[in-house]
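Structural overview
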Amino acid sequence: MADDFPITQRLLDWRKGHPEALEEVMPRVYDTLHRIALKYMRQENPGHTLQPTAIVNEAYLKLVDVEIDWHDRAHFIAVAARLMRRIL
């Protein structure tokens, strides 16, 4: 979603202890993360039991505990994508 929402600033706010900031970011990056998860699923063996939505949700749960100094939206997406790959 390309808009003027300050994702980088909200990621920094989240890291400073404002959990609501992540709740504002996730809806804006969800579609991108879901597309990445779907791509990863296509590379897996047939019959895999996880669904893209479940992978994104698992990555979200792991992101909550990650302590990273976020650079920008792309950095966040890259870390989330790496987490989804590990989940698979």
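So, how was this worked out
Residues numbered from 1 in each chain as written. Predicted model: local features only at pLDDT ≥ 70, side-chain atom pairs only at ≥ 80, totals over all residues. Heavy atoms only, no water. Helix = DSSP H or I, 4+ residues; strand = E, 2+ residues; numbered from the N terminus. Rg over C-alpha atoms; globule rule 2.2 N^0.38 Å. Buried < 20%, exposed > 50% of the residue type's maximum accessible area, 1.4 Å probe, protein only. Contact = heavy atoms within 4.5 Å. Areas by Shrake-Rupley, 256 points an atom, 1.4 Å probe, with all protein chains shown as cover. Lys, Arg positive; Asp, Glu negative; His and termini not counted. Charge placed at Lys NZ, Arg CZ, Asp CG, Glu CD. Phe/Tyr/Trp six-rings, centres within 6.5 Å; stacked < 30°, edge-to-face > 60°. Lys NZ or Arg CZ within 6 Å of the ring centre and 35° of its normal. Core = buried A, V, L, I, M, F, W, Y, C linked by side-chain atoms within 4.5 Å. Axes fitted to C-alpha atoms, helices over the stretch in contact; angles between N-to-C directions. Left-handed = near helix turned anticlockwise from the far one by under 90°. pLDDT = per-residue confidence, 0-100.

Topic: the overall build of the protein chain
Along the backbone of the protein chain there are four helices and zero strands. Relative to the globule expectation of 12 Å for 88 residues, the C-alpha radius of gyration of the protein chain, 13 Å, shows essentially globular dimensions. With respect to the principal axes defined by its C-alpha atoms, the protein chain has extents near 40 × 25 × 20 Å. Among the 88 residues that make up the protein chain, the fraction classed as buried is 38%. By sequence separation, contacts in the protein chain at least 24 residues apart represent 60% of the contacts at least 6 residues apart. Total accessible area on the protein chain stands at roughly 5500 Å², and carbon and sulfur atoms take up 50% of it. Looking at the protein chain, you have 12 positive and 13 negative side-chain charges, and the mean spots of the two groups are 8 Å apart.

Observations regarding the packing of aromatic side chains
Applying the stated rule across the entire model yields two aromatic pairs. Measuring from centroid to centroid gives 6.0 Å for W14 and W70, while their planes differ by 20 degrees, and the two rings are stacked. Separated by 56 residues along the polypeptide, W14 in helix 1 (residues 7-15) and W70 in the loop between helix 3 (52-63) and helix 4 (73-87) bring together distant segments of the chain. The exposure class assigned to W14 is buried, which follows from its relative accessible area of 8%. An aromatic cluster of at least three residues, connected via ring pairs, comprises W14, W70 and F76. Positioned over the ring face of W14 is R15, at 4.7 Å from the centre of the ring. Over the ring of Y40 we find R85, and its NZ or CZ is 5.0 Å from the ring centre.

Section: the nonpolar core
Counting 28 residues, the largest nonpolar core has W14, V29, L33, L63, W70, F76 and M84 as its most contacted members. Put simply, the parts of the chain that give this core at least two residues each are helix 1, helix 2 (20-42), helix 3 and helix 4. Sorting elements by how many residues they give to this core places helix 2 first, with ten residues. In this structure, W70 is in contact with L11, L12, W14, R15, L63, H75, F76 and V79, ignoring residues within four places of it in sequence.

With respect to the packing of helix 1 against helix 2
The interhelical angle for the contact between helix 1 and helix 2, taken along N-to-C directions, is 145 degrees, at an axis separation of 8 Å. Handedness of the crossing formed by helix 1 with helix 2: left-handed. Contacts between helix 1 and helix 2 involve I7, R10, L11, D13 and W14 from the former and E20, A21, L22, E24, V25, R28 and V29 from the latter.

Quick notes on the confidence of the model for the protein chain
Taken residue by residue, the protein chain gives an average pLDDT of 87. The fraction at 70 or more is 95%. Helix 1 is the least confidently modelled element of the protein chain, averaging 88 in pLDDT, while helix 4 averages 93, the highest of any element.

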